[in-house]
Amino acid sequence: MASSSPLPTREPLQAFPGFQLERVIGKGILQEIAWSPEGSWLIVETAKGLEGLAPETGEGVWQQPLPARLKALALSSDGRWLAALMGRDLWLWAHRGQGIERIRVLSDAIDPAFESPILAFSPDGRQLAWTVSNAVRRIRVPEGDELRKIFSPGAGWVAFAPDGETLILAGPSEVEWRRIADGVGIRRVAWALPPGERARTFALSPDGAWLAIGIGEEVLLYSGRDGQLRRKLPIGSRGIIRRLAFSPDGRWLAAGTEGGTVAVWEGAGQRLRWRHEMGEGAVVGLAFAPRDLRLAIAHAGGILEIRRLPEGTQEGRWEGYLEPVLDLAFGEDRLWIATYSQRPLEAPQWIVSLWGGHRPHGPAGAAPDPASGAAGRLRAFP
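Chemist: Before we move on, could you go through the side chain of Arg138 and cite the residues and values that matter?
Modeler: Relative to the assigned elements, Arg138 resides in strand S12 (residues 135-140). Polar side-chain contacts of Arg138 include one of 3.1 Å to the side chain of Gln127.

So, in structure tokens, the structure goes:
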């Protein structure tokens, strides 16, 4: 992996207000980013391997070379276990904060030609599931014992419900609920699809009460418990829905489209609180703050916005400074952004960087002082 010393950057990045470049975290095409709950850990994979960072400081804590190209990465909710699908194998590590210890390798876990698997831990971290071309496979953690395979040809997305008892398998045309204990089916529901459309984007509320599906230019909201369609939420914009996110308390649902529109609903879709056009190009990231009513929005055109709920009041906008965003997440008191670029210009190579900005301690909405030095540069919410 790259050293922790930032490489030379272009002038717009040096001038990026509200954030500082915490660290260049790798060279090579980035494959995956995994955030632990509330941003307490960040794990990034580039062409050179995995690196674990402590977002409190932005420092690299451990590194792990990889023997094959990574296809999927997952971190358990308690941060204890780390899993990766690489080549045709599944690797499982114990994540001990200051490093990782390999405990299992399951050979032939996936067809090497299958390019887009989904990997997920159960809420208690005791089970790991991943999609293959015609099924979902599962193992016990950390023993590695394989559980009954669930055949579901259409399943392209898998999630464990927070109740610890249910596995949800979703695909372009239908969704299934299965018992975690034995994989037996509970119910199956076909999506309400317009002609020629398919489900593309999925999100499960933190309490498991709602399953949101992006289909074309609207969000379909299903009950996470009985699979009944409750609401259709049109976003009223050109461009399919690309991102969906629930707030940590499940009260708010945000959607972003390929065309740059963001819409936010309150109360399980009962009320559209605001809708905002960010411009041409896709919304590539949505992140709710864990403990207050803020939403961070990243746009493919190099725009980052912070908006306060419920009104959608803009608390910060950065335009023309940001490189393309890979992912973003809130920590306890900081917003983290992973970006990528091709630098230096004379001999370009892929560079993955981590940016961080502290929450101001002054009154909400207070503007940063451009002359305040480092403290001013670290304010994320002007």
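There is more to say, and it comes next.
Chemist: Please provide a residue-by-residue account of the packing of aromatic side chains, values included.
Modeler: Scanning the model with the defined rule gives four aromatic pairs in all. With 5.2 Å between their ring centres and 20° between their planes, Trp157 and Phe202 make a pair best called stacked. Placement of the pair is Trp157 in strand S14 (residues 157-160) and Phe202 in strand S18 (residues 199-204), with a sequence separation of 45 residues. Classification of Phe202 by relative accessible area gives buried; the value is 16%. Both rings, one in Trp191 and one in Phe202, keep their centres 6.3 Å apart while their planes meet at 40°; by these two values the pair is tilted. Separated by 11 residues along the polypeptide, Trp191 in the loop between strand S17 (185-190) and S18 and Phe202 in strand S18 bring together distant segments of the chain. Given a relative accessible area of 5%, Trp191 falls into the buried group. Through a chain of ring-to-ring contacts, three or more aromatic side chains come together here, namely Trp157, Trp191, Phe202 and Tyr222.

Chemist: Outline the pattern of salt bridges, supporting the account with residue identities and numerical values.
Modeler: One pass over the structure, following the stated rule, counts 17 salt bridges. Measuring nitrogen to oxygen at the nearest pair gives 3.1 Å for the salt bridge that ties Arg126 to Glu143. With Arg126 in the loop between strand S10 (119-121) and strand S11 (127-131) and Glu143 in the loop between S12 and strand S13 (150-151), this residue pair connects regions lying 17 residues apart in the sequence. Overall, Arg126 belongs to the partly exposed group, its relative accessible area being 39%. Judged by relative accessible area, which is 33%, Glu143 ranks as partly exposed. One network of salt bridges, with partners in common, ties together Glu174, Glu176, Arg178 and Arg188.

Chemist: Go over the nonpolar core, please, and point to the residues and values.
Modeler: When a protein is soluble and globular, its nonpolar side chains tend to lie buried together. Counting residues in hydrophobic clusters, the biggest one holds 18 residues, and the most contacted among them are Ala83, Leu85, Leu90, Leu119, Phe121, Leu128 and Trp130. Among the secondary structure elements, those contributing two or more residues to this core are strand S6 (70-75), strand S7 (81-86), strand S8 (89-95), S10, S11 and S12. Dropping the residues within four chain positions of it, Leu85 is found in contact with Arg69, Leu70, Lys71, Ala72, Leu90, Ala109, Ile110, Pro117, Leu119 and Trp130.

Chemist: Can you lay out the environment of Thr313 for me, pointing to particular residues and giving the numbers?
Modeler: Secondary-structure assignment places Thr313 in strand S29 (residues 313-319). Relative accessible area serves as the criterion here: at 44%, Thr313 is assigned to the partly exposed category. In sequence terms Thr313 and Trp274 are 39 residues apart; their C-alpha atoms lie 9.6 Å from each other. Leaving out residues up to four positions away in the same chain, Thr313 has contacts with Ile306, Arg307 and Arg308.

Chemist: An account of the pairing of S11 is needed here, citing residue identities and associated values.
Modeler: Most of S11 is tucked away, with five of its five residues classed as buried. Residue alternation in S11 divides its side chains into two sets, Gln127, Ala129 and Thr131 and Leu128 and Trp130, and both sets are buried. For S10 and S11, the ladder comprises three bridges, and the chain directions are antiparallel. Paired with Ala120 across the bridge in S11 is Ala129. Hairpin geometry of S10 and S11 is characterised by an intervening segment of five residues between the two adjacent antiparallel strands and by a positive phi of about 75° at Gly125. Inspection of the sheet shows S11 paired to S12 by five bridges, in the antiparallel sense. When the bridges of S12 are listed, Trp130 appears paired with Arg137.

Chemist: I'd like a description of the sheet that holds S13, backed by residues and values.
Modeler: Spatial strand order, S10-S11-S12-S13: four strands in an open sheet with antiparallel pairing. Looking along the sheet, the strands with just one partner apiece sit at the ends: S10 and S13.

Chemist: So what's going on with unusual backbone geometry? Which residues, and what values?
Modeler: Of the consecutive residues Val141 and Pro142, the connecting peptide bond is found in the cis state with omega at 5°. Looking at where Pro142 falls in the secondary structure, it is placed in the loop between S12 and S13. Between Leu309 and Pro310 the backbone carries a cis peptide bond, its omega angle lying at 10°. Inspection of the secondary structure puts Pro310 in the loop between strand S28 (303-308) and S29. Phi is positive for Asp108, close to 55°, though the residue is something other than glycine. Within the secondary structure layout, Asp108 lies in the loop between strand S9 (100-106) and S10.

Chemist: Give a description of the sheet that holds strand S24 (residues 261-266) that names residues and reports values.
Modeler: Strand order across the open sheet formed by four strands is S22-S23-S24-S25, with antiparallel pairing between neighbours. Of all strands in the sheet, those bounded by a partner on one side alone are strand S22 (241-246) and strand S25 (271-277). Adjacent strand axes in the sheet meet at a mean angle of 15° when their direction is disregarded. Bridge count between S24 and S25: six bridges; the pairing is antiparallel. Its bridge partner lying in S25, Val264 is registered against Trp274.

Chemist: So, the side chain of Ser122: which residues are in play, and what are the values?
Modeler: If you trace the backbone, Ser122 turns up in the loop between S10 and S11. Using a relative accessible area of 4% as the deciding quantity, one classes Ser122 as buried.

Reading the values: the criteria
Residues numbered from 1 in each chain as written. Predicted model: local features only at pLDDT ≥ 70, side-chain atom pairs only at ≥ 80, totals over all residues. Heavy atoms only, no water. Helix = DSSP H or I, 4+ residues; strand = E, 2+ residues; numbered from the N terminus. Polar contact = N/O pair within 3.5 Å; in protein donor to acceptor, adjacent residues only side chain to side chain. Phe/Tyr/Trp six-rings, centres within 6.5 Å; stacked < 30°, edge-to-face > 60°. Buried < 20%, exposed > 50% of the residue type's maximum accessible area, 1.4 Å probe, protein only. Salt bridge = Lys/Arg side-chain N within 4 Å of Asp/Glu carboxyl O. Core = buried A, V, L, I, M, F, W, Y, C linked by side-chain atoms within 4.5 Å. Contact = heavy atoms within 4.5 Å. Pairing = 2+ DSSP bridges. Axes fitted to C-alpha atoms, helices over the stretch in contact; angles between N-to-C directions.

Any link to function would need more than the numbers given here.
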